[in-house]
Amino acid sequence: MNFKHFGDAGMPFVVALVMTGAVLGVTALVRRLFQRLPRSAGEVRLPTGPVPAAWPGIIRENVRLARALEGARWTRLLRLVQNLLRDTPMEGCGGLELTEAMRVTIAATACLLLVDLSYPRFARLRRVLVYPDTFMPLRIETRGMIITREQPPAELGEAWRDGVVVLAWNSVKRGDAAGADGHNVVLHEFAHVLDGEDGVFDGAPVLDTAAQEAEWERIMASAYADLLAAIDAGTDTVLDPYAATNRSEFFAVATETFFETPQPMQQSMPDVYRQLRAFYGQDPEAHRL
C-alpha cells in the first residue's frame, strides 16, 4: 500500500490509498521469505550519553506502567526512549505543538514493549504523527479505473504499512489516566508496528524459530476462533470486542490487555498470556504495583 498524510487546521485527516487488487493474505512459507530482523547483530546498540534530567520525572508521572521498572530495566527503558527519539521524528498535526514531555511520554509507553527484547525492533518505524484529538481518516479505494472515497469513523490511532504511526494525544493521556482498564492506544499501535516488521499485518510478530511460529499460530488461531464464538453468543470477554476485527487487531488488543490487565487475561486466556509472556519476555502480572 501507498499512504499519504495531509493536515488541516480545521479538519485534520489521513488519506490512505488502498489497492484492492493486491494480495491480502500471505502463506506461512511466503511470510518467512520477508527480511528478518538483524538478530545477528546481537544486542541493540543503545545511546550511552546522559539522559536529560527531566525525563525520569516525566515518565514516572505520565507512564503508569513504567513505575514498576527498577534497576537495569528502568535504565534500559530510558536508553530505549533516547534511541527512539533520536531515530524517529515526531510531528504535531492539526495545530498541536508537541512538547518534550509529550514526546517522552509517547516514546516511553511505546518502549515498554521492548524492555526485555534483546535485538533491534521498530526497524520499519519512520515517523509518528500526533493530533490533538480524534482525527478523520479518508480512504480512497481504487478498483480498475473507478475511484471511490470512504469516510470511516474518527480514529484514536493508526499504524501504516510504510512505517507511520498516527496518535490522538487526548487518547494517549486517557490511556494512562484511566488506570488499568485494558486500553492504551500507544501500546496498541506500536504492537501493530511489531506485527508488521515482516511486511504483513497478520497478528504474528517476527519470532526466532519455525517451531515458535507454529506454536504461536496454533494457539492464537484457536483463541481468535474462541473469541468470535463468544462474541456471537453474547458472552463477555476479557478482550475488547474490537479484537474480533481480524488477527492483527486481535494481537494489538491482546497486547494492551496483557500489559494493562494481566491478571484477568492470565486467568481467562492462559495460553495466550503464555505466548505473549514468551514473546515480550515480560510477566506483567508478576510485576504489578
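The shown structure was predicted, so the numbers you read here are calculated from the model rather than taken from an experiment. (Residues numbered from 1 in each chain as written. Predicted model: local features only at pLDDT ≥ 70, side-chain atom pairs only at ≥ 80, totals over all residues. Heavy atoms only, no water.)

Looking at this structure, how should I read the confidence of the model for the chain?
Close inspection of predicted coordinates is inappropriate for parts of the model with low pLDDT. Summarising the model, the chain shows a mean pLDDT of 82, and 75% of its residues fall at 70 or more. Low pLDDT, under 50, characterises residues 1-36; the stretch is placed with 70 contacts to residues that sit more than four places away or in other chains. Across residues 147-154 the pLDDT falls below 50, and counting only partners more than four positions away or on other chains, this stretch makes 24 contacts in the model. (pLDDT = per-residue confidence, 0-100. Contact = heavy atoms within 4.5 Å.)

Any chance you could explain the packing of helix α2 (residues 55-62) against helix α4 (residues 100-111) here in plain terms?
Between two packed helices, what matters for the description is the angle formed by their axes and the separation of those axes. Between α2 and α4, whose axes approach to 9 Å, the crossing angle comes to 65°. The two elements α2 and α4 cross, and the hand of that crossing is right-handed. Touching Trp-55, Ile-58, Ile-59 and Asn-62 of α2 are Glu-100, Ala-101, Val-104, Thr-105 and Ala-108, all from α4. The residue inventory of the contact of α2 with α4, partitioned by class, reads six nonpolar, two polar and one charged. (Axes fitted to C-alpha atoms, helices over the stretch in contact; angles between N-to-C directions. Helix = DSSP H or I, 4+ residues; strand = E, 2+ residues; numbered from the N terminus. Left-handed = near helix turned anticlockwise from the far one by under 90°. Nonpolar A, V, L, I, M, F, W, Y, C, P; charged D, E, K, R; others polar.)

Is there a simple way to explain empty space enclosed by the protein in this structure?
Gaps left between atoms are located by rolling a probe of water-molecule size over the structure's atoms. Going through the model one piece at a time under the given rule, you end up with two cavities of 30 Å³ or more. There is about 90 Å³ of room inside the largest cavity. If you trace the largest cavity, you find it lined by Arg-124, Ala-159, Trp-160, Arg-161, Gly-163, His-192, Val-193, Gly-196, Gly-199, Val-200 and Phe-201. Partitioned by chemical class, the residues of the lining of the largest cavity number five nonpolar, four polar and two charged. For the second largest cavity, the calculated volume is near 70 Å³. (1 Å grid on protein atoms, 1.4 Å probe; cavity = no way out; pocket = protein on both sides within 12 Å on 5 of 7 lines; lining within 4 Å. Points joined across faces, edges and corners; volume = space filled by probe spheres on them.)

So what exactly am I meant to see when it comes to the pattern of salt bridges here?
If charged atoms from side chains of opposite charge come close, those side chains can pair. Inspection of every chain in the model, using the stated rule, returns nine salt bridges. Its salt-bridge partner being Arg-121, residue Glu-197 comes within 3.2 Å of it at the nearest N-O pair. Of this pair, Glu-197 sits in the loop between α6 (185-195) and α7 (210-232) while Arg-121 sits in the loop between α4 and β4 (127-131), and the two are 76 residues apart along the sequence. Here the two residues Glu-197 and Arg-121 agree in accessibility, since each one is buried. Across the pair Arg-247 and Glu-217 runs a salt bridge whose closest N-O atoms are separated by 3.0 Å. With Arg-247 in helix α8 (residues 247-260) and Glu-217 in helix α7, the pair connects residues that are 30 residues apart, well separated along the chain. (Salt bridge = Lys/Arg side-chain N within 4 Å of Asp/Glu carboxyl O. Buried < 20%, exposed > 50% of the residue type's maximum accessible area, 1.4 Å probe, protein only.)

What's the story with the packing of aromatic side chains in this structure? I'm lost.
We describe a pair of aromatic rings using the distance from one ring centre to the other and the angle between the two ring planes. Within this structure, the stated rule accounts for 10 aromatic pairs. Arranged with centres 5.3 Å apart and planes meeting at 70°, the rings of Phe-259 and Tyr-280 form a pair that is edge-to-face. You can see Phe-259 sitting in helix α8 and its partner Tyr-280 sitting in helix α10 (residues 270-280), a full 21 residues away along the chain. Under the relative-accessibility criterion, Phe-259 is labelled buried at 7%. The exposure class of Tyr-280 is buried, given its relative accessible area of 0%. (Phe/Tyr/Trp six-rings, centres within 6.5 Å; stacked < 30°, edge-to-face > 60°.)

Teacher, can you tell me more about the nonpolar core here?
Most often, soluble globular proteins keep nonpolar side chains buried together rather than apart. Membership of the largest hydrophobic core comes to 70 residues, with the highest contact counts inside it found for Ile-59, Leu-77, Phe-190, Phe-250, Leu-276 and Tyr-280. Those residues in contact with Leu-276 that lie beyond four places of it in its chain are Trp-216, Met-220, Phe-251, Ala-254, Thr-255, Phe-258, Met-265 and Gly-281. Cys-93, Tyr-131, Val-164 and Val-166 belong to the second-largest nonpolar core, a separate cluster that totals six residues. (Core = buried A, V, L, I, M, F, W, Y, C linked by side-chain atoms within 4.5 Å.)

Is there a simple way to explain the side chain of Arg-64 in this structure?
Relative to the assigned elements, Arg-64 resides in the loop between α2 and α3 (71-87). A distance of 3.0 Å separates a polar atom in the side chain of Arg-64 from a polar atom in the side chain of Glu-260. (Polar contact = N/O pair within 3.5 Å; in protein donor to acceptor, adjacent residues only side chain to side chain.)

Which parts of the structure should I look at to understand α4?
For α4, with 12 residues, the first-to-last C-alpha span of 16 Å sits near the 16 Å given by 1.5 Å per residue. Counting buried positions over the 12 residues of α4 gives nine, a clear majority of the element. Residues Met-102, Val-104, Thr-105, Ile-106, Ala-107, Ala-108, Thr-109, Ala-110 and Cys-111 constitute the buried set of α4. (Expected span 1.5 Å × (residues − 1).)

Please explain the sheet that holds strand β7 (residues 157-159) as it appears in this structure.
Within a sheet, each strand pairs with its neighbour through backbone hydrogen bonds, oriented either parallel or antiparallel. Spatially, β3-β4-β8-β7 is the arrangement adopted by the four strands of the open sheet, whose pairing is mixed. The open sheet has two free edges, formed respectively by β3 (90-92) and β7, since each of these has just one partner strand. Averaged over all adjacent pairs, the angle separating strand axes in this sheet is 15°, with direction ignored. In the sheet, β3 pairs with β4 via three bridges, with the strands oriented parallel. When the bridges of β4 are listed, Gly-92 appears paired with Val-130. With respect to the sheet, α6 is in contact with β4, β7 and β8 (164-168), its orientation differing from that of β8 by roughly 170°. (Pairing = 2+ DSSP bridges.)

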